[in-house]
Amino acid sequence: MEVRVANVRKEFDRFPALHDVSLDIKSGELIALLGPSGSGKTTLLRLIAGLEKPTRGKIYFGDEDASQRTIQERNVGFVFQHYALFRHMTVADNIGFGLKVRPGATRPPKAEIRRRASELLDLVQLSGLEKRYPTQLSGGQRQRVALARAMAIEPRVLLLDEPFGALDAQVRRELRRWLREIHDATGHTTIFVTHDQEEALELADRVVVMSQGRIEQIGTADEVYDTPNSPFVYGFIGESSSLPVKVEDGQIWVADRPIGLATPDAPNGKATLYFRPHDIELLDGCNGCIAGTVAASRRVAGTRRVELEIGGGRQLVEIELPIEHPAAQKSRIAFRPRRWKVFPAQDS
Amino acid sequence: MVDLSYTAAADTSPASTVSATTEGRTTRWALLALALVFLAVFLLLPLVLVFAEAFKRGWAPYFDTIIDPDTISAIRLTLLVAAIAVPLNLVFGVAAAWAIAKFEFKGKAFLTTLIDLPFSVSPVISGLVYVLLFGANSVLGPWLKSYGIEILFAVPGIVLATIFVTFPFVARELIPLMQEQGTGDEEAALSLGANGWQTFWYVTLPNIKWGLLYGVLLCNARAMGEFGAVSVVSGHIRGLTNTMPLHVEILYNEYNAVGAFAVASLLAGLALVTLVLKTILEIRYGHAIAASRGH
């Protein structure tokens, strides 16, 4: 099922949580809504589900205007952050709930509901736990039951709110791989919310990066990582270093000298240069480069982080060097970013 | 430094294994004794006295009082009033608690205060309000009387006064419970296609059933035992508008101590049954009760 969010705005008590958000999701895609807390990602998910009504704008499922429909009519599978399993029901009853509450004509017989429940338990690899109560399950198992329950109603769209938020790191990684497998096996259009960029980049076909109620960038993991389109995305996804620069006639200047990077389209004036600390080339002679004095050097796992003072110590910038690299011993290092981007300086 | 190493060595002695929140033996015994003496003097002793007085002259006078038509009628009226007031307060209580715990609306704080009103107002005043509303000099009283409806000094007045006094029990029990549980389970049920009624019946009600039952038991105990408000509106007509507590008073004022205490022992018995029921439920379903209060 294709999902289209068209110019949606949402206000809570006149305070805007989403400003004019539009998003097209293809059928069968696995989409991550990624952003810091307060970016509006959960609000967007709840709007798609029908748990909230948009202040303006529409949401389409295929050609159908879903914003006119109640949450029951939308037929979405929603997995809540804290699972919201019904604690007085067994695992099997939880999974069968969506089928049990169907109106008479479309409600499967009891035996059929039981069969579906145990089929779904097999799918989420919890066979044999039908009679357990949610309190008797671990966090990871509850998560799986919640997903099975959401899938039992044959949803048109699967929506997950911070699906791994309450789990420890080990279980998170396992479940992440497992969710991808389930998605590939069932082909549901799936949207999940996360604040964990690693999770989003690893799992999703496309990542929607959100900040302050707006969509900053939509793209594959490669696109948002390699070609971030805003300072926010640069800073939020992956490591980044930034340096205030000046653009003059398509050339980038740091302080009083050009650094050998050309940006023909950028307007003249103050700007900020963004690059990845590991994506640089070290230079011997400085014929157009960024040069700085080593201010600090730290060992971080398999690499060495070096903090450089640029232009007489006023600016600090971080780069990454291989452990064995001779430059790590030097007091002065010259380098040039391999992949980079300049954004006009913001007035602030 | 020397002191520190000394403390570390002393850590192996039994005294230092006592946790920080535990008091010494003397303090514990003193507190326990105080609580027990208080309970014995103010709760247990009166209860024992009620039964002792009731059976002072043996079983025969006791049963004579119980099978007296006026007593039977009082018992019947008390049960009738409870049978009307408790279900109504169950419905009102759940509705009010639902509204307060699950919705945001203007005047919520006011509604919460209003629910507490019967607790903070003297029962006599609660009764007087109905006298003012439905009495001979009121607006409503004569008008209703012209249609043949008697409120004051009749069963409807007693029921109204009892509902008023016992209103907070169910709501007060449920509001914190429902607030703590939030709306997550309801949202889950709705997203799975359940309609409002199914959500209430299959999800909300099971989540609150123990709190609800507890509220109903308390409500019932008070409905049967209410004296002040009912006394004002009842008119004390023997065999017609006398409830058990009122009947106890009448018998006592007639110097019929055995009769008064016999009826009182019945009331006390009802209270004990309520307590025992509650305890059995807690033992039998302790796990489920704990679970319904959150993971």
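Not measured: the values here are computed from a predicted model.

Basis of the calculations
Residues numbered from 1 in each chain as written. Chains lettered and ligands numbered in written order. Predicted model: local features only at pLDDT ≥ 70, side-chain atom pairs only at ≥ 80, totals over all residues. Heavy atoms only, no water. Helix = DSSP H or I, 4+ residues; strand = E, 2+ residues; numbered from the N terminus. Buried < 20%, exposed > 50% of the residue type's maximum accessible area, 1.4 Å probe, protein only. Contact = heavy atoms within 4.5 Å. Areas by Shrake-Rupley, 256 points an atom, 1.4 Å probe, with all protein chains shown as cover. Lys, Arg positive; Asp, Glu negative; His and termini not counted. Charge placed at Lys NZ, Arg CZ, Asp CG, Glu CD. Core = buried A, V, L, I, M, F, W, Y, C linked by side-chain atoms within 4.5 Å. Patch = residues over 30% accessible without salt bridge, like charges linked within 9 Å, V, L, I, M, F, W, Y side chains within 5 Å. Salt bridge = Lys/Arg side-chain N within 4 Å of Asp/Glu carboxyl O. UniProt positions renumbered as here; feature names shortened; annotations may be inferred. Domains from an automatic or database assignment. Buried area = accessible area lost by both parts, 1.4 Å probe. Polar contact = N/O pair within 3.5 Å; in protein donor to acceptor, adjacent residues only side chain to side chain. Pairing = 2+ DSSP bridges. Axes fitted to C-alpha atoms, helices over the stretch in contact; angles between N-to-C directions. Phe/Tyr/Trp six-rings, centres within 6.5 Å; stacked < 30°, edge-to-face > 60°. Lys NZ or Arg CZ within 6 Å of the ring centre and 35° of its normal.

Side note on the overall build of chain B
Link 1 in the chain: Tallying secondary structure elements over chain B gives 15 helices and zero strands in all.
Link 2 in the chain: In terms of principal-axis extent, the alpha carbons of chain B reach across some 90 × 60 × 35 Å.
Link 3 in the chain: The buried share among the 295 residues of chain B stands at 38%.
Link 4 in the chain: Taking the contacts inside chain B whose residues are at least 6 apart along the sequence as the reference set, 72% of them involve residues at least 24 apart.
Link 5 in the chain: Of the roughly 16,700 Å² that chain B leaves accessible, carbon and sulfur atoms contribute 72%.
Link 6 in the chain: Taking the average location of the 16 positive side-chain charges in chain B and that of its 19 negative ones, the two points are 3 Å from each other.

What to know about the environment of L212 of chain B
Residues and elements named next belong to chain B.
Link 1 in the chain: Tracing the sequence through the fold places L212 in helix 11 (residues 196-225).
Link 2 in the chain: Taking C-alpha positions, L212 is 9.9 Å from R172, a pair spaced 40 residues apart along the chain.
Link 3 in the chain: Setting aside anything within four residues of it in sequence, one finds L212 in contact with L90, V94, V170, L174 and L205.

Here we look at the nonpolar core
Link 1 in the chain: If you look at the biggest cluster of nonpolar residues, it comprises 43 residues, and the most contacted ones within it are I95, V124, L147, V207 and I237 of chain A.
Link 2 in the chain: When residues of this core are assigned to their parent elements, the largest contribution, seven residues, is made by helix 5 (residues 139-152) of chain A.

Section: a positive patch on the surface
Residues and elements named next belong to chain A.
Link 1 in the chain: Taken together, the side chains of K100, R107, K110, R114 and K131 present a region of like positive charge at the surface.
Link 2 in the chain: Mapped onto the elements, K100 comes out in helix 3 (residues 91-100).
Link 3 in the chain: The class of K100 is partly exposed, set by a relative accessible area of 34%.

Considering the UniProt feature "domain: ABC transporter" (unreviewed entry) in chain A
Link 1 in the chain: Under the local residue numbering, the UniProt record ascribes the feature "domain: ABC transporter" (unreviewed entry) to residues 3-237 of chain A.
Link 2 in the chain: The annotated region residues 3-237 of chain A carries 37% helix and 26% strand content, and the separation between its end C-alpha atoms amounts to 25 Å.

Brief notes about the domain arrangement of chain A
Residue and element names in this part refer to chain A.
Link 1 in the chain: Each domain of chain A was delimited in the assignment, giving domain 1 (3-235) and domain 2 (240-344).
Link 2 in the chain: Computed over C-alpha atoms only, the centres of domain 1 and domain 2 are separated by 41 Å.
Link 3 in the chain: Each partner contributes residues to the interface: domain 1 has nine residues there, and domain 2 has nine residues.
Link 4 in the chain: Summed over both sides, the interface between domain 1 and domain 2 buries roughly 800 Å², with carbon and sulfur atoms accounting for 54% of that surface.
Link 5 in the chain: It is Y225, P231 and Y234 in domain 1 that bury the most area against domain 2; as a group they hold 69% of the surface buried on that side.
Link 6 in the chain: The interface formed by domain 1 and domain 2 contains zero salt bridges.
Link 7 in the chain: Between the two partners, domain 1 and domain 2, sit four residue pairs in polar contact (both at pLDDT 80 or more).
Link 8 in the chain: Within the residue set of the side of domain 1 that touches domain 2, elements represented by two or more residues are helix 8 (221-226) and helix 9 (231-236).

As for the interface of chain A and chain B
Link 1 in the chain: Listed per partner, the contact involves 22 residues of chain A and 22 residues of chain B.
Link 2 in the chain: Regarding the contact of chain A and chain B, the summed buried area is about 2,000 Å², with carbon and sulfur atoms giving 61% of it.
Link 3 in the chain: Considering only the surface of chain A that becomes buried against chain B, Q72, R87 and V101 of chain A emerge as the three largest contributors, covering 33% of it.
Link 4 in the chain: Between chain A and chain B we count two salt bridges in total.
Link 5 in the chain: The residue D185 of chain B makes a salt bridge to R87 of chain A at a minimum N-O spacing of 3.9 Å.

Side note on the sheet that holds strand 2 (residues 15-25) of chain A
All names here are of chain A.
Link 1 in the chain: Sheet architecture is open: four strands sit in the order 2-1-4-5, paired in antiparallel fashion. The two strands at the open ends of the sheet, each matched to only one other strand, are strand 2 and strand 5 (64-65).
Link 2 in the chain: Where strand 1 (residues 3-12) meets strand 2, seven bridges bridge the pair, whose relative direction is antiparallel. Along strand 2, the bridge assignment pairs V8 with V21.

Remarks on the pattern of salt bridges
Residue and element names in this part refer to chain A.
Link 1 in the chain: Applying the stated rule across the entire model yields 35 salt bridges over all chains.
Link 2 in the chain: The closest approach of N and O atoms between R176 and E198, which form a salt bridge, is 3.6 Å. Taken together, the residues span a long stretch of sequence, with R176 in helix 6 (residues 169-186) and E198 in helix 7 (residues 197-203) at a distance of 22 residues.
Link 3 in the chain: Between R339 and D279 there is a salt bridge; the shortest N-O distance is 3.4 Å. With R339 in the loop between strand 19 (332-337) and strand 20 (340-344) and D279 in the loop between strand 14 (269-275) and strand 15 (280-283), this residue pair connects regions lying 60 residues apart in the sequence.
Link 4 in the chain: Classification of R339 by relative accessible area gives partly exposed; the value is 45%.
Link 5 in the chain: Looking at D279, the relative accessible area reads 12%, which means it is buried.

Digging into the sheet that holds strand 18 (residues 315-322) of chain A
Residues and elements named next belong to chain A.
Link 1 in the chain: If you trace the five strands from one edge of the open sheet to the other, you get 15-19-16-17-18, paired in antiparallel fashion. With one partner strand each, in any of the chains shown, strand 15 and strand 18 form the two edges of the open sheet. Geometrically, the sheet is characterised by an average inter-axis angle of 45° between neighbouring strands, direction not taken into account.
Link 2 in the chain: Taken together, the four bridges between strand 15 and strand 19 define a ladder with antiparallel strand orientation. Paired with L282 across the bridge in strand 19 is F335.

Describing the UniProt feature "transmembrane region" (unreviewed entry) in chain B
Residue and element names in this part refer to chain B.
Link 1 in the chain: Mapped onto the present numbering, the UniProt feature "transmembrane region" (unreviewed entry) falls at residues 29-52, 73-101, 121-144, 151-171 and 255-277.
Link 2 in the chain: In residues 73-101, helix accounts for 100% and strand for 0%; the two terminal C-alpha atoms are 41 Å from one another.
Link 3 in the chain: Between the end C-alpha atoms of residues 255-277 the distance is 34 Å, and the span holds 91% helix and 0% strand.

Things to note about a nonpolar patch on the surface
Link 1 in the chain: Taken together, the side chains of W29, L32, L36, V37, F38, L39, V41, F42 and L43 of chain B make up a nonpolar region of the molecular surface, amounting to roughly 970 Å² of accessible area.
Link 2 in the chain: For L39 of chain B, the position within the fold is in helix 2 (residues 25-54).

Observations concerning the packing of aromatic side chains
Link 1 in the chain: Here the structure, examined in full by the defined rule, presents 21 aromatic pairs over all chains.
Link 2 in the chain: Ring plane angle 80° and centroid distance 6.3 Å describe the contact between W59 of chain B and Y62 of chain B, whose orientation is recorded as edge-to-face. Taken together, the positions of W59 of chain B and Y62 of chain B, both in helix 3 (residues 59-67) and three residues apart, correspond to about one turn of that helix.
Link 3 in the chain: Classification of Y62 of chain B by relative accessible area gives buried; the value is 9%.
Link 4 in the chain: Linked through ring pairs, F55, W59, Y62 and F63 of chain B together constitute an aromatic cluster.
Link 5 in the chain: The aromatic ring of F86 of chain A is capped on one face by R149 of chain A, whose charged end is 4.6 Å from the ring centroid.

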